[in-house]
Amino acid sequence: MSAIEQCRSAALGGHVLHCPACGHDEIAYNSCRNRHCPKCQASAAKRWLEARQTELLPVDYYHVVFTLPAPISAIAYTNKAVIYRLLFEVAAETLRTIAADPRHLGARIGATLVLHTWGSALTHHPHVHGIVTGGGLSLDGERWVSCKPGFFLSVNVLSWLFRRRFLEELKLAHHAGQLEFFGEFAQLSDAVVFADWIAPLRECEWVVYAKRPFAGPEAVLAYLARYTHRVAISNSRLVALDEHGVTFKWKDYRAAGATRYKIMTLDTGEFMRRFLLHVLPGGFHRIRHYGLIANTGRRENLARARELLHVAPMEPKGIDVPDEAVTPTFICPDCGAAMIVVEILARERMIRAPPKLRGVP
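Residues numbered from 1 in each chain as written. Predicted model: local features only at pLDDT ≥ 70, side-chain atom pairs only at ≥ 80, totals over all residues. Heavy atoms only, no water.

A. Structural view of a positive patch on the surface. A cluster of basic side chains, namely Lys211, Arg212, Arg226 and Arg230, defines a positive patch on the protein surface. Tracing the backbone through its elements, the reader meets arginine 212 in the loop between β9 (208–210) and α7 (217–227). (Patch = residues over 30% accessible without salt bridge, like charges linked within 9 Å, V, L, I, M, F, W, Y side chains within 5 Å. Areas by Shrake-Rupley, 256 points an atom, 1.4 Å probe, with all protein chains shown as cover. Salt bridge = Lys/Arg side-chain N within 4 Å of Asp/Glu carboxyl O. Lys, Arg positive; Asp, Glu negative; His and termini not counted. Charge placed at Lys NZ, Arg CZ, Asp CG, Glu CD. Helix = DSSP H or I, 4+ residues; strand = E, 2+ residues; numbered from the N terminus.)

Structure below.
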């Protein structure tokens, strides 16, 4: 929260820019670069997408979503690291298991999973978006197996396996003492109570769905640009901040047509509470790769896939230009000339807690 509050302010320092052409001066403050900051993810997303560009294959890609039911979402807030990890691992296992089954596809697929923990109204709604290859390497690695046109895998089969495996792993986590419960859920610490609580979840529907294939690899990148480096809300959705609170745009998926898009106003404290629901545990990776594009063996798997698909490796898109033609980093808003840095503004000294006393009983 402190990082976002201080982003692009004097607290983080900055520099003074001067335009030699028209004499315009400007102060630019540094950004926080926190991964939860709505203003600091554009450049990170661009770099990430450029790195992923060379991994695209000339095949259909499908969009798959795995969603946790509301009761598990309720306990996920105080068990983020455990339940979010299970969400990733079980979703990936489900995709790979069903795809490898000869009755469905009989192939090793590649998948990129992205964690989202929010609904449009900033409520806590954990789910993962998966971008999956529409086919994969045969189990013996000798041929490329494609999906049926316009069809990936049965969502019912995916949902059933995902539900069974997640509940199995959740029960093991509880038995290992990895879950913590507070307030109205405190009684779930008891194994018998937890077993009774989890029983109805074996019968309810778990939402898993797959959308039609993207319109080519380029569309995959365009979609990922909107999903990979975004947290909770973007500046474009903010409408107003006044004595009534924070007003923002949201999408009501239960409505249809123009009535789906609505405006909501929340008290400032409630708005911040909802935003902070989506701060991830330190070091937790919200973008992960599995199967053919897992970090281990990615290069070899993609090379083999391209060989079987009879295509050359995709080169990163870029244009080599001479050094003198490089666009300047800072451009004058008045005349368009290059600006130069004439002064560095030091960041403010951060307030820290006093060091702990050692050797004192």
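What follows picks up the thread again.
B. Structural view of the layout of surface pockets. A volume near 1,000 Å³ is recorded for the largest pocket. If you go around the largest pocket, you meet 31 residues; those closest to its centre are Gly119, Ser120, Tyr227, Lys251 and Tyr253. Mapped onto the lining of the largest pocket, the elements with two or more residues apiece are β3 (61–67), β5 (110–118), β6 (124–133), α7, β11 (245–251) and β12 (261–266). Split into classes, the residues belonging to the lining of the largest pocket amount to 12 nonpolar, 10 polar and nine charged. (1 Å grid on protein atoms, 1.4 Å probe; cavity = no way out; pocket = protein on both sides within 12 Å on 5 of 7 lines; lining within 4 Å. Points joined across faces, edges and corners; volume = space filled by probe spheres on them. Nonpolar A, V, L, I, M, F, W, Y, C, P; charged D, E, K, R; others polar.)

C. Focus on empty space enclosed by the protein. The tally for this structure, following the rule as stated, stands at two cavities of 30 Å³ or more. Volume-wise, the largest cavity comes out at about 150 Å³. What lines the largest cavity is a set of 13 residues, and nearest its centre among them are Glu55, Leu56, Tyr61, Thr112 and Ile293. When residues of the lining of the largest cavity are traced back to their parent elements, those giving at least two are α2 (42–53), β5, β6 and α7. Of the residues forming the lining of the largest cavity, the biggest block, three residues, is contributed by α7. Of the residues assigned to the lining of the largest cavity, the class counts are eight nonpolar, three polar and two charged. Each pocket or cavity is described by its volume, and for the second largest cavity that value is around 30 Å³. Lining of the second largest cavity is provided by Leu115, Thr117, Trp118, Val231, His278, Leu280 and Arg286.

D. Spatial organisation of the packing of aromatic side chains. Enumeration according to the criterion identifies 10 aromatic pairs in this entry. Relative to tryptophan 197, the ring of phenylalanine 194 has its centre 5.6 Å away and its plane inclined at 35 degrees; by these criteria the two rings are tilted. Linking phenylalanine 194 with tryptophan 197, this pair stays in helix α6 (residues 191–198), spanning three residues, or about one helical turn. By way of ring pairs, the aromatic residues Phe66, Phe162, Phe166 and Trp206 are connected into one cluster. Sitting above the plane of the phenylalanine 88 ring, arginine 288 keeps its charged end 4.4 Å from the centroid. Between the NZ or CZ atom of arginine 288 and the centre of the ring of phenylalanine 284, over which it lies, the distance is 4.6 Å. (Phe/Tyr/Trp six-rings, centres within 6.5 Å; stacked < 30°, edge-to-face > 60°. Lys NZ or Arg CZ within 6 Å of the ring centre and 35° of its normal.)

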